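Structure assessment
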Amino acid sequence: MLRCDRCAEQTWVRAVPAEFAGVLPNIVHLVGEDPDPLAAAPLAAEAATFPCPQCGSPVPLDGVTRTYVCRFCSASVHVPDDFIYRGRRKLAVNWFLCFHPSVVDQAPVGQAVSAGLFDWDSPPDAAVDAHGNLYCAARQSHWVPDHHGTRQRFDDVVWSIDPSLNLRWLQRGGSRAVRLVLSPKGVLLVTQRGRANRHWLSSATGRPVEGSGGIVQKNDGELLDCDDLTCDRDGSLLILKDSMLRRIAPNGVELDVWLDGTPGTGDDDARSCTGEILGVAVDMSAVGMRVHRGPDGSIFFMGSREIARFDASGREIFAVALLCSEMNSLYRNLGADLHGNAYVLCSDRLLRVSPEGAQSVVLTKKRDKLPRSEMSLAVCPDGSFWLFGTKGAAWKFGADGALLFASDKEPRPRKWTMAEVSQWAFQRRLQKSMAESIARMQESDQVQEDREAAERRRKGIVVLIILGIGLGVLFGLTELLSAMRRVPPP
């Protein structure tokens with residue numbers, strides 16, 4: 001069953017048969033058919049005839065031929081379409097073709113923007129998988145009317161688009177997402193505020209994955225209150241909290257931080273102090289500490305001014321001080337590509353840290369005309385990266401820093417302002433008030449008409465009664481006079 005995201009209507013779909021897929025490869029589904037149309041019993045043709053316009057005799061139809069010769073008067077008869085359709089031997093059901101959005105004009109770059117996905121006030125949290133698909137959790141705001149005028153409604157959404165910016169799936173109605181954690185196992189962890197049950201979503205469909213909630217339910221407080229967390233290649237979570245690093249398996253069991261027992265493994269509780277792991281060169285006790293697993297399996301730790309890289313076994317590769325002095329730790333500002341490069345988003349520049357620890361400036365906000373405001377970062381495996389700003393702004397850059405996409409260059413649906421919503425609500429209230437006034441006036445007029453009709457009926461009844469009494473008196477007098485005439489004189 002396919003469920004519409006707008007109206008929630010469900011309909012049957014099936015995969016495209018092989019003979020169709022080879023001819024039209026852009027068709028992805030057949031929609032509007034029966035559950036198993038091939039197994040349905042053949043439908044018999046409905047018997048139909050058409051009267052000859054010359055002699056009126058019935059002309060039989062076979063559902064194919066449109067022109068007949070009357071067997072009685074030999075007139076040429078042209079049968080209308082309505083009768084042809086009635087005489088079909090086999091009745092066909094409605095069916096539709098679903099084309100991939102990339103075949104639609106101007107869809108590859110404009111679909112996600114024109115669909116209203118790039119709509120947020122604060123920078124969203126985002127992640128990119130090994131195939132370049134983007135996952136984003138954002139809070140959208142809209143002005144809506146209410147009984148007191150207008151109010152601002154918030155809609156929390158989680159969605160995914162492919163590298164061509166075509167929508168893959170969309171989820172609405174949840175609580176505000178705090179973090180997105182992408183697992184190599186094909187699932188996405190969404191931690192949300194104000195809810196006791198978090199869940200894993202399928203990265204392919206966006207729907208909750210059954211049987212993956214143990215790690216969330218047993219460590220719910222840790223997921224909410226931690227400084228940062230990331231998912232390792234085996235599906236376990238690395239949780240960073242209070243300068244401590246912990247590893248939790250998908251089933252909720254706590255494991256050693258480094259799986260082979262190398263530096264960082266705790267003795268009893270499997271916990272490790274990151275300060276001891278990284279040494280004195282990197283201060284990991286600072287506010288806004290980050291942990292990130294790169295696509296190549298490397299583990300990156302970043303403090304307020306330092307960054308360190310470890311391999312999967314816990315061996316330190318480098319620990320260096322960053323070439324920037326200020327970073328916004330409220331949003332995601334650390335990422336890595338498949339080649340082992342780390343990307344750090346600072347307040348005025350974007351740094352690339354090589355696998356050996358050498359730093360280079362990729363972008364500067366002054367030179368590349370990026371806004372000096374709150375931003376978040378998501379890095380693709382090939383080295384391209386996304387930057388997200390406020391008010392729905394988003395940019396995608398290549399590995400060389402070339403601009404590939406800018407959301408402000410694409411047409412997007414217009415949002416109503418508070419003044420427009422207030423004016424619309426005022427007009428609606430005025431129309432409703434006028435309608436209610438007209439209804440009350442009509443009701444009052446109807447009541448008055450009913451009263452006048454009742455008064456007329458009452459007066460009519462009184463007149464009838466008076467007439468009846470008068471006729472009775474007259475009849476009585478007439479009878480009395482007749483009786484007096486019949487009486488003989490004395």
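Residues numbered from 1 in each chain as written. Predicted model: local features only at pLDDT ≥ 70, side-chain atom pairs only at ≥ 80, totals over all residues. Heavy atoms only, no water.

Comments concerning the overall build of the chain
Across its full length, the chain holds 7 helices and 33 strands. In the chain, buried positions account for 39% of the 490 residues. Restricting to contacts in the chain with at least 6 residues of sequence separation, those with at least 24 account for 45%. Here the chain displays about 28,100 Å² of accessible surface, and carbon together with sulfur accounts for 55% of that area. (Helix = DSSP H or I, 4+ residues; strand = E, 2+ residues; numbered from the N terminus. Buried < 20%, exposed > 50% of the residue type's maximum accessible area, 1.4 Å probe, protein only. Contact = heavy atoms within 4.5 Å. Areas by Shrake-Rupley, 256 points an atom, 1.4 Å probe, with all protein chains shown as cover.)

Focus: the packing of aromatic side chains
Per the counting criterion, the structure on display carries 11 aromatic pairs. On the basis of an interplanar angle of 55° and a centroid distance of 5.8 Å, the ring pair of F118 and F405 is categorised as tilted. With F118 in the loop between α3 (107-114) and β10 (125-128) and F405 in strand β33 (residues 403-406), this residue pair connects regions lying 287 residues apart in the sequence. Taken as a pair, F118 and F405 share a single burial class, namely buried. (Phe/Tyr/Trp six-rings, centres within 6.5 Å; stacked < 30°, edge-to-face > 60°.)

Points about the environment of W120
In this fold, W120 is placed in the loop between α3 and β10. Distance from W120 to R139, taken between C-alpha atoms, is 5.7 Å for residues 19 residues apart in sequence. The contact partners of W120, leaving out residues within four places of it in the chain, are A138, R139, W159, F388, G389, T390, K391, G392, A393 and A394. At a separation of 2.8 Å, a polar atom in the side chain of W120 contacts the main-chain carbonyl oxygen of G389. (Polar contact = N/O pair within 3.5 Å; in protein donor to acceptor, adjacent residues only side chain to side chain.)

A word on the pattern of salt bridges
Opposite charge on two side chains permits pairing when their charged atoms draw close. Using the criterion set out here, one finds 12 salt bridges in the structure. Here D232 and R247 are joined by a salt bridge, their closest N and O atoms 2.9 Å apart. Within this pair, whereas D232 is found in the loop between β17 (228-231) and β18 (237-241), its partner R247 is found in strand β19 (residues 244-248), the two being separated by 15 residues in sequence. Summarising the burial analysis for this pair, D232 and R247 share the class buried. Among the ionic pairs, D296 bridges to R309, the shortest N-O distance being 3.2 Å. Linking D296 in the loop between β22 (290-293) and β23 (299-302) with R309 in strand β24 (residues 306-310), this pair joins segments that are 13 residues apart in sequence. Taking the relative accessible area as the measure of exposure, D296 reaches 26% and is therefore partly exposed. (Salt bridge = Lys/Arg side-chain N within 4 Å of Asp/Glu carboxyl O.)

Re the sheet that holds β23
Spatially, 4 strands are ordered β22-β23-β24-β25 in an open sheet, and the strand pairing comes out antiparallel. With partners counted over all chains shown, the strands left at the sheet margins are β22 and β25 (316-321), one partner each. The sheet shows a mean angle of 15° between the axes of neighbouring strands, direction not considered. In the sheet, β22 pairs with β23 via 4 bridges, with the strands oriented antiparallel. Paired with H292 across the bridge in β23 is F300. (Pairing = 2+ DSSP bridges. Axes fitted to C-alpha atoms, helices over the stretch in contact; angles between N-to-C directions.)

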